[in-house]
Amino acid sequence: MASGSGAEGEAVSGAHLIAESLKAQNIEYMFGIVGIPITEIAIAAQASGLKYIGMRNEQAACYAASAVGYLTGRPLIVIGGSSDRNQETMGAFQEFPQVEAGRLYNKLTVRPSSLEVIPAVVEKAVRTSIYGRPGSCYIDIPGDFVNLQVNKSSVKYVECCLPPPISMAKQSAVSEAASIIAHSKQPLLIIGKGAAYSHAENNIRKLVDLCGLPFLPTPMAKGVVPDNHPNCVAAARSTALQYADVIILLGARLNWILHFGLPPRFRQEVKVIQIDICAEELGNNVRPAASLLGDINTVTKQLLEEFSKRPWKYPSSSQWWKRLREKIMNNEEKSKGLELQKSLPMNYYTVFRHIRELIPRDCILVSEGANTMDIGRTMLPNYHPRQRLDAGTFGTMGVGLGFAIAAAMVAKDRTPEKRVICIEGDSAFGFSGMELETICRYKLPILIIVVNNNGIYTGLDTDAWKEMLKFGEPATCFPFCYSIPPVSLLPNSHYEQIMSAFGGKGYFVKTPEELQNALKASLADEQTPSLINVMIDPRSERKKQEFPWLTRSNM
């Protein structure tokens with residue numbers, strides 16, 4: 001730590017120390033909601049040159065910050081205001097054990113002991129957040145710290161932390177992994193979000209091409225290798241997982257998204273080669289045949305070097321490839337049949353076909369909702385890394401608009417020509433719908449598409465809703481209230497009018513022609529936010545699946 005160089009007697013407030021410390025750690029964006037006691041921190045952040053984005057919901061602010069961390073590699077730091085120190089245990093305004101509660105969810109939770117140590121605390125939080133497996137850190141600020149002042153000369157100023165260290169796997173583990181891959185009969189490479197975060201796309205593409213490996217991306221890893229690459233087996237996901245004899249996990253976890261790596265979704269005797277930056281993740285649920293601890297990009301490069309010494313390529317004429325390609329063709333034919341249906345109301349597949357045909361190939365896709373997100377993953381390809389944001393591992397609804405705001409802010413500064421398109425189910429949209437005001441306030445040209453089926457999973461059409469209304473007459477409201485299915489929402493809700501109310505453009509569409517026109521108009525306007533409310537058949541669902549989407553723990 002370097003001692004401060006401020007002039008004797010020059011004072012600085014806690015709010016300005018926090019803002020200056022964040023700026024010193026190369027933080028660019030701050031998302032939040034101001035209020036007592038942290039309003040001054042947001043004002044100081046703006047004065048220091050940070051881009052403060054005022055959100056309408058604290059959850060959406062956290063979602064936005066996490067998306068920025070993923071897109072830029074900078075940290076997710078949560079700063080919360082707490083009660084004044086001299087009021088603790090007295091029942092102060094909103095008094096709560098925030099530090100203790102935060103330890104359950106963060107890599108580091110800390111309350112500065114004095115104003116003088118704030119720069120050091122911020123540096124440690126940033127460093128902890130981005131080193132190893134990235135994660136959030138929480139800094140608790142007592143209310144009296146915000147306007148309290150100290151002499152600058154007493155402050156322990158700290159330089160920006162160094163970039164995260166890059167670790168390599170043991171060479172013996174690399175050699176063992178290469179040997180297992182070379183002896184595989186039915187290999188599968190699974191590319192995870194960690195691979196996207198480590199910017200490993202160039203080396204992974206080389207590995208896929210060099211070794212001829214079939215690959216399957218997890219949701220947030222779509223685009224690390226383009227979805228239209230001939231080795232992508234996403235359209236045969238269940239078959240690939242169930243029958244692979246060797247699986248190479250590149251920054252992916254064997255959690256619920258990958259069905260824990262257990263039968264019946266995987267072979268009992270499958271050999272797993274696990275490559276991860278987090279040592280504690282190695283061996284979770286399945287004992288690996290080889291463990292490679294290190295940075296995904298670096299370890300992939302090590303594998304490439306190993307295969308350059310012992311050239312090997314999986315034959316494209318194998319029975320495994322034949323089986324995978326047959327399954328891919330079969331599933332694509334089923335999807336094509338659904339997307340070409342001309343009946344009204346439209347189904348999910350028809351809607352996504354028109355979206356796919358008109359949106360830019362390099363847009364950032366944000367998606368959430370049940371069927372909307374799941375079907376969108378299969379219907380909307382990604383060609384570039386870190387350009388798909390969705391609910392991911394936690395499966396949390398409400399992330400969409402926060403993610404979209406973050407993506408639009410980053411794109412505005414780095415790639416202003418890139419469009420952000422957020423595709424939401426109507427239920428998911430409701431979680432953070434007021435962020436439309438945030439989008440319009442900051443003039444972010446985000447295109448939001450609400451795929452509206454009048455419900456959660458399924459809804460009711462207008463006729464069914466009217467019949468239910470009749471059921472409740474002339475009795476009290478209770479029979480009617482009890483008769484509304486828990487998954488139903490109000491039919492034909494005009495969400496687009498919310499966007500129009502805030503100054504954006506809204507479209508209510510029911511036919512393919514109306515959808516095409518709305519998409520073309522929205523994409524042509526690069527300045528104005530827009531929302532297309534697409535009415536679909538309330539009974540529209542996914543095509544029949546071989547397995548339930550969620551593997552129960554007793555499987």
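Reading the values: rules and limits
Residues numbered from 1 in each chain as written. Predicted model: local features only at pLDDT ≥ 70, side-chain atom pairs only at ≥ 80, totals over all residues. Heavy atoms only, no water. Axes fitted to C-alpha atoms, helices over the stretch in contact; angles between N-to-C directions. Helix = DSSP H or I, 4+ residues; strand = E, 2+ residues; numbered from the N terminus. Parallel < 35°, antiparallel > 145°, perpendicular 65-115°, else oblique. Left-handed = near helix turned anticlockwise from the far one by under 90°. Contact = heavy atoms within 4.5 Å. Nonpolar A, V, L, I, M, F, W, Y, C, P; charged D, E, K, R; others polar. Pairing = 2+ DSSP bridges. Salt bridge = Lys/Arg side-chain N within 4 Å of Asp/Glu carboxyl O. Buried < 20%, exposed > 50% of the residue type's maximum accessible area, 1.4 Å probe, protein only. Polar contact = N/O pair within 3.5 Å; in protein donor to acceptor, adjacent residues only side chain to side chain.

S.K.: I tried to follow the packing of helix α3 (residues 58-72) against helix α14 (residues 399-414) on my own but got confused; where do I start?
M.R.: The axes of two packed helices give the description: the angle between them and the distance between them. Two numbers describe how α3 lies on α14: the axes approach to 7 Å, and their chain directions differ by 45 degrees. It follows from the interaxial angle that α3 and α14 lie oblique. Note on packing geometry: the crossing formed by α3 with α14 is right-handed. On the side of α3, the interface is formed by Ala60, Tyr63, Ala64, Ser66, Ala67, Val68, Leu71 and Thr72, while α14 contributes Val399, Gly402, Phe403, Ala406, Ala407, Val410 and Arg414. Class assignment of the residues belonging to the contact of α3 with α14 gives a composition of 11 nonpolar, three polar and one charged.

S.K.: Explanation requested: the sheet that holds strand β12 (residues 290-293) in the structure shown.
M.R.: The strands that make up a sheet are held in pairs by hydrogen bonds between backbone atoms, and each pair lies either parallel or antiparallel. In space, the five strands of this open sheet follow the order β9-β8-β10-β11-β12, with parallel pairing throughout. Either end of the sheet is taken by a strand with one partner, and the two such strands are β9 (215-217) and β12. Pairwise comparison of adjacent strand axes, ignoring direction, gives a mean angle of 15 degrees for this sheet. Two elements, strand β8 (residues 187-191) and strand β10 (residues 246-250), share five bridges in a ladder whose sense is parallel. Bridge assignment links leucine 188 to a residue of β10, and that residue is isoleucine 247.

S.K.: Is there a simple way to explain the pattern of salt bridges in this structure?
M.R.: Going through the model one piece at a time under the given rule, you end up with 23 salt bridges. Across the pair aspartate 461 and arginine 539 runs a salt bridge whose closest N-O atoms are separated by 3.4 Å. Of this pair, aspartate 461 sits in the loop between β18 (458-459) and α17 (462-471) while arginine 539 sits in the segment after β20 (530-535), and the two are 78 residues apart along the sequence. On the accessibility criterion, aspartate 461 (26% relative accessible area) is partly exposed. Exposure remark for arginine 539: the relative accessible area of 56% places this residue in the exposed category.

S.K.: Is there a simple way to think about the side chain of arginine 265 in this case?
M.R.: Its location among the elements puts arginine 265 in the loop between β10 and β11 (271-276). Within the local environment of arginine 265, its side chain forms a polar contact with the side chain of histidine 259, the two groups lying 3.2 Å apart. Ignoring any residue separated from it by four or fewer positions in sequence, one finds arginine 265 in contact with Arg237, Ser238, Leu241, Gln242, His259, Phe547, Pro548 and Thr551.

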